[in-house]
Structure formats: C-alpha cells, structure tokens
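Letter by letter, the chains look like this.
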Amino acid sequence: MTLEVIDRHMAINVRGSLLLMRAFAERVSDPSAPRRIVIFTSGPPQNGAIAYAASKGALEWITYSAATELGPRGVTVNAINPGPNQTGWMTPKIEQAAAKRTPLGRAGRPTDAAALVSFLLSEDAAFINGQVITSDGGHRIAGGSWPR
Ligand SMILES: NC(=O)c1ccc[n+]([C@@H]2O[C@H](COP(=O)([O-])OP(=O)(O)OC[C@H]3O[C@@H](n4cnc5c(N)ncnc54)[C@H](OP(=O)(O)O)[C@@H]3O)[C@@H](O)[C@H]2O)c1
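A quick note: this is a predicted structure, and the numbers were derived from the prediction, not measured.

About the cut-offs
- Residues numbered from 1 in each chain as written.
- Predicted model: local features only at pLDDT ≥ 70, side-chain atom pairs only at ≥ 80, totals over all residues.
- Heavy atoms only, no water.
- Near = heavy atom within 4 Å.
- Polar contact = N/O pair within 3.5 Å; in protein donor to acceptor, adjacent residues only side chain to side chain.
- Areas by Shrake-Rupley, 256 points an atom, 1.4 Å probe, with all protein chains shown as cover.
- Nonpolar A, V, L, I, M, F, W, Y, C, P; charged D, E, K, R; others polar.
- Core = buried A, V, L, I, M, F, W, Y, C linked by side-chain atoms within 4.5 Å.
- Buried < 20%, exposed > 50% of the residue type's maximum accessible area, 1.4 Å probe, protein only.
- Helix = DSSP H or I, 4+ residues; strand = E, 2+ residues; numbered from the N terminus.
- Pairing = 2+ DSSP bridges.
- Right-handed = clockwise from strand over helix to strand, strands pointing away.
- Patch = residues over 30% accessible without salt bridge, like charges linked within 9 Å, V, L, I, M, F, W, Y side chains within 5 Å.
- Salt bridge = Lys/Arg side-chain N within 4 Å of Asp/Glu carboxyl O.
- Axes fitted to C-alpha atoms, helices over the stretch in contact; angles between N-to-C directions.

As a further point, take the site of the ligand. Around the ligand, the structure places 13 residues, and the nearest of them are Y52, K56, N85, T87 and W89. One of the side-chain N or O atoms of W89 is found 3.0 Å from an oxygen atom in the ligand. Protein chains bury 40% of the 890 Å² of accessible surface belonging to the ligand in isolation. Tallied by class, the residues present in the shell around the ligand amount to seven nonpolar, five polar and one charged.

A separate point is the nonpolar core. In this structure, M21, I37, I39, I62, L70, V75 and V77 are the most contacted members of the largest nonpolar core, which totals 13 residues. Counting residues per element, this core draws most heavily on helix α2 (residues 50–70), which supplies five residues. In terms of nonpolar packing, the next biggest core, distinct from the first, is built from five residues, I80, V117, L120 and A125 among them.

Once that is clear, we can look at the pairing of strand β1 (residues 35–40). For β1 and strand β2 (residues 75–81), the ladder comprises six bridges, and the chain directions are parallel. Following the sheet pairing, V38 is matched in β2 by N78. In this region the chain leaves β1, passes through α2 and returns to the parallel neighbour β2; the handedness of that crossover is right-handed.

Taken together, the side chains of M1, V5 and I50 make up a nonpolar region of the molecular surface, amounting to roughly 320 Å² of accessible area. Looking at the element boundaries, I50 is found in helix α2. Among the residues examined, I50 registers a relative accessible area of 55% and is labelled exposed.

Pairing is parallel across the open sheet formed by three strands, whose spatial order is β1-β2-β3. Looking at strand neighbours, the two that pair on one side only are β1 and β3 (132–134), the edges of this open sheet. Put simply, the sheet's adjacent strands are angled 30° from each other on average, direction ignored. Where β2 lies against β3, three bridges are found, and the strand directions are parallel. Across the sheet, the residue bridging to I80 is I133, located in β3.

What is shown is where atoms sit, not what they do.
Structure, rendered in structure tokens:
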C-alpha cells in the first residue's frame, strides 16, 4: 500500500463520486422526475486492499449523509454491495472460490447488480433512502472474506 495507491483510491472513488453527486444535485430540478443516486460500495474485510476498503467505507457514510442532505430536494441516495461479481477480473480459480463461499453456489453476475439498480430507479423503490443493500447470494453473511 503506497501513498499513490491510497490517494488514487480516494481521488477516484471518494472525490469523484462526491463531485458527480454534487453536479447531479445542482442540475436536477424537475420535481416530477425520479431523482436517484445509486453508489457502488463493497463489503469488508478486504484483506490486501485496505485503500480500496477505506474508500468504500467512506462511500457508505457518504450514502447516509447525502441521503439526509439531498432527501429534502427529492433525491434518494442508496448504495449497492454486489459481492464478488464476475465482471472480468476473476480468474477461474477466484470465481470457483467465490462460488464455494456463496450459499447460492455461484459468483455474482453483472445482471444481478443491474437488476438491483433497476429496482432502485423504479417507482417501487421511491421511499428507499440512505440504505446500503447487499446483493451477493449470501456471501457476506456466510463469512464474507474476499477471494483473491
Ligand atoms: N466486481 C466485483 O466483484 C465488485 C465487488 C464489489 C464492489 N464492486 C464495485 O462495483 C463497481 C463496478 O465494478 P466492476 O467490477 O464493474 O469494475 P470494472 O469492470 O473495473 O469497471 C469500472 C468502471 O469504472 C470506470 N473507471 C475506472 N477508473 C475510472 C476513472 N479514473 N475515472 C472514471 N471512470 C473510471 C471504468 O471505465 P472504463 O470502462 O472506461 O475503463 C469502468 O466503467 C465498482 O465501484 C466496484 O468497486 C465490484
């Protein structure tokens, strides 16, 4: 973990998200339009990736704080923890390890996370605000530590 790695995680995951959220909140003005922010976080522990973990922990608190600050403007803010998700980074070995640790017997797929985003953007989710929602097949509850 170098200074550069810490700063890069904070710059992209934390500062970048905050600036995007601010720009979004400044621009959305139509009160009849659904206004939703969905943040991607992750789950602890992140052995070997503490800078990443720090930035994702910050995003959780940003979710809670932004939900209270932007709620009066009609903007909901929620976060998703997608668990280990095969977006291209997993080797077959890592994917097998993730599947083994997951009660539902497989790693997440991008469509799993997309379905939750879609729900959070829907009218049915209009009253959900300031939540961190895990969609990981039970990976976290079954022990949580990440395959690497
Ligand atoms: N996959 C998992 O197992 C997993 C688990 C927990 C949480 N997450 C979280 O879910 C989110 C998506 O993960 P993923 O696996 O889909 O990641 P990914 O495949 O690496 O995609 C990351 C996305 O971020 C963009 N990006 C990267 N650096 C950027 C920068 N400096 N400025 C602007 N955009 C940048 C990339 O853009 P380009 O396509 O242009 O490069 C890409 O669209 C991330 O926040 C990740 O932390 C993922």
